[in-house]
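Coordinate inspection notes
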Amino acid sequence: MWIKTNDELPPEGVEVETKIDDGMKDSPRNVQKLVRKGRLWFFPDMSMYVYYIPTHWLRV
């Protein structure tokens, strides 16, 4: 079950499935696995962070 990031954030350092689902016509989008560290969201290999905050996450 998808969890809204406004309701609960995933634990830091844990890989989770994420998406942006804001009700726009092309939602959901940016569905991918990310790892949260503080306020930033990184690719699982920690090579780069993304320039957005996912709206939802799911335990992998």
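These figures come from a predicted structure and were not determined experimentally.

**With respect to the side chain of His56**
Tracing the chain through its elements places His56 in strand E5 (residues 56-59). The buried category is assigned to His56, whose relative accessible area is 12%. Side-chain polar atoms of His56 contact the side chain of Thr55, separated by 2.7 Å. With residues near it in sequence (within four places) discarded, His56 still touches Trp2, Ile3, Lys4, Thr5, Glu17, Thr18, Lys19 and Asp21.

**With respect to the sheet that holds strand E4 (residues 40-42)**
Strand order in the open sheet formed by five strands is E1-E5-E2-E3-E4, with antiparallel pairing between adjacent strands. Sheet topology places strand E1 (3-4) and E4 at the edges, where each strand pairs with a single neighbour. Note that strand E2 (residues 15-20) and strand E3 (residues 29-37) share five bridges and pair antiparallel. In the strand pairing of E3, Thr18 is matched with Gln32.

**Notes on the packing of aromatic side chains**
Each aromatic ring pair is characterised by the separation of its centres together with the angle its planes make. One pass over the structure, following the stated rule, counts two aromatic pairs. Here Phe42 and Tyr49 contribute two aromatic rings whose centre-to-centre distance is 6.0 Å and whose plane-to-plane angle is 70°, an arrangement assigned as edge-to-face. Between Tyr49 and Tyr51, the ring centres sit 5.2 Å apart and the planes meet at 50°, which makes this aromatic pair tilted. We classify Tyr51 as exposed; its relative accessible area is 71%. The structure contains a cluster of three or more aromatic residues connected by ring pairs, namely Phe42, Tyr49 and Tyr51.

**So, the pattern of salt bridges**
Working definition: two side chains of opposite charge can pair if their charged atoms are close together. Counted according to the given criterion, the structure contains four salt bridges. Between Glu8 and Arg59 there is a salt bridge, with its nearest N and O atoms 3.9 Å apart. Taken together, the positions of Glu8 in the loop between E1 and E2 and Arg59 in strand E5 put the pair 51 residues apart, joining distant regions of the chain. Judged by its relative accessible area of 54%, Arg59 falls in the exposed class. Of the charged contacts, one joins Lys19 and Asp21 as a salt bridge, the two residues approaching to 3.5 Å between their closest N and O atoms. Exposure remark for Lys19: the relative accessible area of 10% places this residue in the buried category. Overall, the relative accessible area of 29% leaves Asp21 in the partly exposed class.

Procedures and definitions
Residues numbered from 1 in each chain as written. Predicted model: local features only at pLDDT ≥ 70, side-chain atom pairs only at ≥ 80, totals over all residues. Heavy atoms only, no water. Helix = DSSP H or I, 4+ residues; strand = E, 2+ residues; numbered from the N terminus. Buried < 20%, exposed > 50% of the residue type's maximum accessible area, 1.4 Å probe, protein only. Polar contact = N/O pair within 3.5 Å; in protein donor to acceptor, adjacent residues only side chain to side chain. Contact = heavy atoms within 4.5 Å. Pairing = 2+ DSSP bridges. Phe/Tyr/Trp six-rings, centres within 6.5 Å; stacked < 30°, edge-to-face > 60°. Salt bridge = Lys/Arg side-chain N within 4 Å of Asp/Glu carboxyl O.

These figures come from the coordinates and say nothing about function on their own.
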